Amino acid sequence: MTILFIDIGNTRIKWHFETEAQPLTANTTPSALSHHDTHWLDELQNAWAKAPFAKSCYISNVAHINVLQQIDDVIHRLFPSCVTHRLTAQKQRHTLQLAYEHPAQMGADRYAQLLGAQSLAADKNHLVISAGTATTIDGVLTGGQHIGGLILPSVDLMRKSLHEYTAKLPLEGGQITLERAPSNTTDALATAAHLASVGAAHEFAARYMPDDCDIILCGGHSDDLARDLSRTHSVQIIPSLCLLGLKTVQLSEQDKL
Ligand SMILES: Nc1ncnc2c1ncn2[C@@H]1O[C@H](COP(=O)(O)OP(=O)(O)O)[C@@H](O)[C@H]1O
Ligand SMILES: CC(C)(COP(=O)(O)O)[C@@H](O)C(=O)NCCC(=O)O
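Thresholds applied
Residues numbered from 1 in each chain as written. Chains lettered and ligands numbered in written order. Predicted model: local features only at pLDDT ≥ 70, side-chain atom pairs only at ≥ 80, totals over all residues. Heavy atoms only, no water. Helix = DSSP H or I, 4+ residues; strand = E, 2+ residues; numbered from the N terminus. Rg over C-alpha atoms; globule rule 2.2 N^0.38 Å. Buried < 20%, exposed > 50% of the residue type's maximum accessible area, 1.4 Å probe, protein only. Contact = heavy atoms within 4.5 Å. Lys, Arg positive; Asp, Glu negative; His and termini not counted. Charge placed at Lys NZ, Arg CZ, Asp CG, Glu CD. Domains from an automatic or database assignment. Buried area = accessible area lost by both parts, 1.4 Å probe. Salt bridge = Lys/Arg side-chain N within 4 Å of Asp/Glu carboxyl O. Polar contact = N/O pair within 3.5 Å; in protein donor to acceptor, adjacent residues only side chain to side chain. Nonpolar A, V, L, I, M, F, W, Y, C, P; charged D, E, K, R; others polar. Near = heavy atom within 4 Å. Areas by Shrake-Rupley, 256 points an atom, 1.4 Å probe, with all protein chains shown as cover. 1 Å grid on protein atoms, 1.4 Å probe; cavity = no way out; pocket = protein on both sides within 12 Å on 5 of 7 lines; lining within 4 Å. Sits in = over half its atoms within 2 Å of the grid points. Points joined across faces, edges and corners; volume = space filled by probe spheres on them.

Undergrad: Quick question: what am I supposed to make of the overall build of the protein chain here?
TA: Helix and strand content of the protein chain: seven helices and twelve strands. Relative to its length of 257 residues, the protein chain is compact, with a C-alpha radius of gyration of 19 Å against a globular reference of 18 Å. Buried positions account for 46% of the 257 residues belonging to the protein chain. Sequence separation of at least 24 residues holds for 58% of the intrachain contacts in the protein chain that already meet a minimum separation of 6. Here the protein chain contributes 19 positive and 26 negative side-chain charges, whose respective centroids are spaced 2 Å apart.

Undergrad: So what exactly am I meant to see when it comes to the domain arrangement of the protein chain here?
TA: For an interface, size is often stated in terms of accessible area lost upon the parts coming together. When cut into domains, the protein chain gives domain 1 (2–86) and domain 2 (124–239). Computed over C-alpha atoms only, the centres of domain 1 and domain 2 are separated by 28 Å. In this complex, domain 1 contributes five residues to the contact, which on the side of domain 2 involves four residues. Of the roughly 360 Å² buried between domain 1 and domain 2, counting both surfaces, carbon and sulfur atoms make up 56%. For the interface between domain 1 and domain 2, the tally reads zero salt bridges. On the surface where domain 1 and domain 2 come into contact, there are one residue pair in polar contact (both at pLDDT 80 or more). In terms of residue class, the side of domain 1 that touches domain 2 is made up of two nonpolar, two polar and one charged.

Undergrad: I keep staring at the site of ligand 1 and nothing clicks. Help me out?
TA: Lining the immediate environment of ligand 1, one finds Gly 9, Asn 10, Thr 11, Arg 12, Lys 14, Gly 132, Thr 133, Asp 156, Gly 219, Gly 220 and His 221. Residue Gly 220 places a main-chain N or O atom 3.0 Å away from a nitrogen atom belonging to ligand 1. Burial of ligand 1 by the surrounding chains reaches 66%, relative to a free accessible area of 570 Å². Cavity membership is defined here by more than half of the atoms lying within 2 Å of grid points; on that basis ligand 1 lies in the largest pocket. Class assignment of the residues belonging to the shell around ligand 1 gives a composition of no nonpolar, eight polar and three charged. Counting the residues that make up the shell around ligand 1, at least three belong to each of domain 1 (2–86) and domain 2 (124–239).

Undergrad: I tried to follow the layout of surface pockets on my own but got confused; where do I start?
TA: Unfilled space is identified by rolling a water-sized probe across the atoms. Taken as a whole, the largest pocket holds about 780 Å³ of empty space. Surrounding the largest pocket, 39 residues form its lining, Asn 10, Lys 14, Gly 132, Thr 133 and Ala 134 being those nearest its centre. Elements represented by at least two residues in the lining of the largest pocket include exactly strand E2 (12–18), helix H3 (108–121), strand E9 (134–140), helix H4 (155–164) and helix H7 (241–256). Of the residues contributing to the lining of the largest pocket, the split by class is 14 nonpolar, 18 polar and seven charged. Formed jointly, the lining of the largest pocket draws a minimum of three residues from each of two domains, domain 1 (2–86) and domain 2 (124–239). Each pocket or cavity is described by its volume, and for the second largest pocket that value is around 340 Å³. Lining the second largest pocket are 18 residues, with Val 155, Asp 156, Arg 159, Ala 193 and His 221 positioned closest to its centre. At the level of secondary structure, the elements contributing two or more residues to the lining of the second largest pocket comprise H4, helix H5 (185–208) and helix H6 (222–229). Taken together, the residues of the lining of the second largest pocket break down into seven nonpolar, six polar and five charged.

Set out below in structure tokens:
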């Protein structure tokens, strides 16, 4: 039986068709495309038309409802009998206990990433960092108690807002310079956006987490963060983290049948 797992973010759609031959694991690199590209829907349809027939589908969506509706239409056209499930956060599921006062507020992707991290590191204090359109940093204690989290602009969004609201700050270019302080405009911009993200993770860990704390990272901007954070923490990059969380939900529902 083929199960389709889909993570609809604010920039990209990531997915995996799970079959016996292609199980979804922590080593899976999901397929991906940007829903800001002009022909994204055609590309998605073409890719999915070549895939095995999906019997059921698990979706995390934080993008605009229009994007979800268009994807839903593709699913129903290509896989008419497919049963779709949409993830929403809840206070307690499996070992994960959410700190959010109103769990439904939490982005389904963040929630799925926390569930995915439970399947990898429930026995450790850990941060889950998603470096996507926004950067989110969540803390989870050994055993699954979530302590809360942060939401900040991604490095791209920091650069975009400075570019948009100033006359002289360029959108692109520059190096992250960690050995010496930046001495030109583009390096100053690139390094600041990077250190703001790394600094937020360090501050979060220092203020709220016990001393020994691992880091699980996902999202398009993971690499630069991982390079820096791995000086002080054990860091894993898991591109399929959100999909893995969806899979924990699918497995628990299967157990109930
Ligand atoms: N190699 C990469 N592949 C895809 N996106 C990347 C890559 N490097 C950086 N990015 C950036 O990562 C962001 C998308 O990451 P992603 O985790 O898919 O975000 P979201 O879940 O919010 O859609 C974009 O800002 C994109 O420019
Ligand atoms: C924080 C987010 C914008 C991150 O989205 P992403 O960068 O993955 O596209 C998304 O998880 C969201 O809309 N969250 C709702 C608010 C919350 O989680 O508290």
